[in-house]
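Chains, contacts and geometry: an overview
Each chain, letter by letter, is given below.
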Amino acid sequence: MRNLELLLAAIIAGWIALASPSCAIESRPALQAGASAVDITPRDWPLPLIGSFRYRPATGAHDALNSRALVLADGTEMVAIAIVDSCYIPREILDEAKRQAQVETGIRADRMLIAATHTHTAPPPAPGVGLRGPEPAANVQNEERYSRQLIDGIAASISKAFERLEPAELGWASIELADEVFNRRWFMKEGTIPPDPFGGTTDRVRMNPPAASPDLVEPSGPVDAEAVALSIRSVAGKPLAVLANYSLHYVGNITEGMVSADYFGEFSRTVAAHLNAGDRFVGMLSNGTSGNINNIDFSKPRTRKEPFEQVRAVAGKLADAVAQAYGGIEYAREAAIAMEQTELTLARRKPTRNILEQSRALVRDVSPSELTRRHIYAQRAIDLHDGPDDVSVVLQAIRIGDLGIVALPFETFVETGLAIKRSSPLPRTFVISLANGAEGYLPTPQHHALGGYETWLGTSQVETRASERIEEQLLTSLRRLARSSR
């Protein structure tokens, strides 16, 4: 009888351990993975599209928006990575999604990386996010409902990925795809760059200049042609997920008035078809350091293309490259997983007295129908003056075997990404931008000196040496993770 009681007690204890997320990590095999995609396409229309200086109402979806999540566990540590089809998402929205997902899974919020893809054809993540010119007040209720849908969808994608954890193996590949990335900041002939929104004429480079213009001199920086793909398979060799990273801004040219995940979503669908993966496979494409990189070769005349044509072309090329490299990936069933999250306090940029007075005069008594880009920047300058003097930003580093991932909440310049890759102590590292918040552009100090759209007050919101401080902190975290010997 005593032996039977002990046996029953052991069985019950085992059930409790398996039911508890914190204990479940200890009882799992060396490496487990789960992936999930949750549809976050709006249900209420119309909604504005973010990523523009004008009001652009959307009345439907060209293709679905999703939150795609990957959960990895190595028996000691568990991390979640979610890539969301959105332009950018403020920290407070993501923090709420993390809290919700932590309650549902037991995964610590500081072990969750959530990043926006940066499609410019997605709704705002919350009412009032992004100045878009005059907008009907009736839209606000739709925006409020979508914000709740977005939070719930992100949390659900992490929870479902957690529920799908199974023994797995992983590996990665590095691919070069140089013909789809171009530096968009160009030196121009003297006297050919228009004034900035505050009337300044000190810009030495221009973002998105006229294609094939005789006034072009040369691009102001390099590109990063590398695509990295982290591949996850079941122990039986069935594809479960691919997390790719590429340093390219959105592609655009979507049908007017339509929501779209841009080439990020198209890649996810196309790579699944190329790999002949099943319905539960999740393709994910994260945005690398594309703050000064886009898909336009400004040295040549631009050719007219049908809506979504270039999106399909770019996504198809990237999916082809990943599929070709897929067969050569070496997989491991054991891989140390470690993550470090830190917070860094950065000073907010402030307008000069002259810019502040000019901005206040400009927006005084202006009607919504009269809003221009100058008014929007004037309001941004006022908001920076009236707002806090500093901001705390979340920085993350992840080690997955010999692969490194770092994340930061900015539209990051390619020079910063290349510097992190060069100095990383791990064999391969990639950078995910617009992660865990949205704090604007992150030019290097050298680019701040050149001026241009990405450096304007209101486009760039933090101290001019922020990129150097962030780079140093992320590399410090990577070195600590690389030294870990678990």
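See the structure printed just above.
Presented here is a report on the structure given in the accompanying data block. (Residues numbered from 1 in each chain as written. Predicted model: local features only at pLDDT ≥ 70, side-chain atom pairs only at ≥ 80, totals over all residues. Heavy atoms only, no water.)

Here we come to the environment of Ser213. Relative to the elements of secondary structure, Ser213 occurs in the loop between strand E11 (205–207) and strand E12 (216–219). The spatial distance from the C-alpha of Ser213 to the C-alpha of Pro301 is 8.5 Å, given a sequence separation of 88 residues. A distance of 3.0 Å separates a polar side-chain atom of Ser213 from the backbone nitrogen of Asp215. (Helix = DSSP H or I, 4+ residues; strand = E, 2+ residues; numbered from the N terminus. Polar contact = N/O pair within 3.5 Å; in protein donor to acceptor, adjacent residues only side chain to side chain.)

A general tendency of soluble globular proteins is for nonpolar side chains to be buried together. With 38 residues, the main nonpolar core has Val71, Ile89, Ile107, Leu150, Ile154 and Ile158 as its most contacted residues. Every element with two or more residues in this core is listed here: strand E5 (66–73), strand E6 (78–84), helix H3 (91–105), strand E7 (112–116) and helix H4 (139–163). Of the residues forming this core, the biggest block, eight residues, is contributed by H4. Aside from chain neighbours lying at most four places away, what touches Leu150 is Ile40, Val84, Ile89, Ile93 and Pro125. Tyr246, Leu275, Ile293 and Ala315 belong to the second largest nonpolar core, which has 37 residues in total. (Core = buried A, V, L, I, M, F, W, Y, C linked by side-chain atoms within 4.5 Å. Buried < 20%, exposed > 50% of the residue type's maximum accessible area, 1.4 Å probe, protein only. Contact = heavy atoms within 4.5 Å.)

Position of Leu450 among the secondary structure elements: in helix H10 (residues 445–450). Residue classification places Leu450 among the buried positions, given a relative accessible area of 10%. Each C-alpha atom, one on Leu450 and one on Thr202, is 8.1 Å from the other, the two residues being 248 residues apart in sequence. Sequence-distant contacts of Leu450, that is, excluding residues within four places in its chain, are made with Arg185, Phe187, Thr202, Asp203, Arg204, Val205 and Ser220.

Here the focus is the environment of Ala335. By the secondary structure assignment, Ala335 is in the loop between helix H6 (309–326) and strand E18 (337–347). Among the residues examined, Ala335 registers a relative accessible area of 11% and is labelled buried. Considering only alpha carbons, one finds Ala335 and Phe430, 95 residues apart in sequence, at a separation of 18 Å. When near neighbours in sequence (up to four residues on either side) are disregarded, Ala335 contacts Leu31, Asp74, Leu170 and Gly401.

The strand order E11-E10-E12 describes an open sheet built from three strands, whose pairing is antiparallel. Because the sheet does not close on itself, it has two edges, and the strands there are E11 and E12. Pairs of neighbouring strands in the sheet enclose a mean axial angle of 40 degrees, with direction left out of account. Here strand E10 (residues 185–188) pairs with E11 via three bridges, running antiparallel. Bridged to Arg185 within E11 is Met207. (Pairing = 2+ DSSP bridges. Axes fitted to C-alpha atoms, helices over the stretch in contact; angles between N-to-C directions.)

Following the criterion strictly, the structure yields 28 salt bridges and no others. Here Asp63 ties to Arg269 by a salt bridge, and the two come within 3.6 Å at their closest N and O atoms. Within this pair, whereas Asp63 is found in the loop between strand E4 (60–61) and E5, its partner Arg269 is found in helix H5 (residues 262–274), the two being separated by 206 residues in sequence. On the basis of relative accessible area, Arg269 is assigned to the partly exposed category, the value being 35%. The salt bridge involving Arg184 is made with Glu454; its shortest N-O contact spans 2.9 Å. A residue pair is termed long-range when its members are at least 10 positions apart, and Arg184 in the loop between strand E9 (182–183) and E10 and Glu454 in the loop between H10 and helix H11 (466–483) qualify at 270 residues. Take Arg184: its relative accessible area is 4%, and that puts it in the buried class. Put simply, Glu77, Arg108, Asp110 and Arg111 are held in one network by salt bridges that share partners. (Salt bridge = Lys/Arg side-chain N within 4 Å of Asp/Glu carboxyl O.)

A few words now on the packing of helix H7 (residues 353–363) against helix H8 (residues 373–386). At a minimum axis separation of 9 Å, H7 and H8 run at an interaxial angle of 125 degrees. By the angle between their directions, the pair H7 and H8 is classed as oblique. Handedness of the crossing formed by H7 with H8: left-handed. Counting all contacts with H7, which are made through Ile355, Leu356, Gln358, Ser359, Arg360, Leu362 and Val363, the residues of H8 involved are Arg374, His375, Ala378, Gln379, Ala381, Ile382, His385 and Asp386. Tallied by class, the residues present in the contact of H7 with H8 amount to seven nonpolar, five polar and three charged. (Parallel < 35°, antiparallel > 145°, perpendicular 65-115°, else oblique. Left-handed = near helix turned anticlockwise from the far one by under 90°. Nonpolar A, V, L, I, M, F, W, Y, C, P; charged D, E, K, R; others polar.)

Fair warning: the whole summary comes from geometry, so function is off the table for now.
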